[in-house]
Amino acid sequence: MRLHDTSNSDTGKLSIDDAIIDYLSKKGITDQTEKLALARISSRMEISSEQVEISINRLSAKNLIRKFYLQGKVGFELTPR
């Protein structure tokens, strides 16, 4: 799976989405703000924060992941099945 695919093909989008789902399945992410949480995912996965944000929004629209608020922090996790 290539995460650095710069083509506009759907396979690039799918591989990033799959990688984010895989990452969140192992570890939920929380931080002080949504931007910091996205930046943390971005740095750990070595992809741009814009790509992470687009993918998170796409996955959220499909109800595969959700944003949550806990004790003043924002996080992302897989939606329970």
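Let me begin by describing the structure that accompanies this report. (Residues numbered from 1 in each chain as written. Predicted model: local features only at pLDDT ≥ 70, side-chain atom pairs only at ≥ 80, totals over all residues. Heavy atoms only, no water.)

Looking only at helices and strands, the protein chain features 3 helices and 3 strands. Ordered by position from N to C terminus, the α and β elements of the protein chain give α-β-α-α-β-β. Burial status across the protein chain gives 33% buried among its 81 residues. Restricting to contacts in the protein chain with at least 6 residues of sequence separation, those with at least 24 account for 46%. Carbon and sulfur atoms form 51% of the exposed surface of the protein chain, whose accessible area is close to 5300 Å². (Helix = DSSP H or I, 4+ residues; strand = E, 2+ residues; numbered from the N terminus. Buried < 20%, exposed > 50% of the residue type's maximum accessible area, 1.4 Å probe, protein only. Contact = heavy atoms within 4.5 Å. Areas by Shrake-Rupley, 256 points an atom, 1.4 Å probe, with all protein chains shown as cover.)

Turning next to the nonpolar core. Grouped together as the largest cluster of nonpolar side chains are 16 residues, with contacts concentrated most on Ile20, Leu24, Ile41, Met45, Val52, Ile56 and Phe76. Among the elements of the structure, helix H1 (10-26), helix H2 (34-45) and helix H3 (49-61) are those that each provide at least two residues to this core. A per-element tally of this core places H1 first, with 5 residues. (Core = buried A, V, L, I, M, F, W, Y, C linked by side-chain atoms within 4.5 Å.)

Relative to the elements of secondary structure, Ala37 occurs in helix H2. Put simply, Ala37 and Ser49 are 12 residues apart on the chain and 9.7 Å apart in space, counted from C-alpha to C-alpha. Setting aside its immediate chain neighbours within four residues, Ala37 contacts Ile29, Asp31, Val74 and Phe76.

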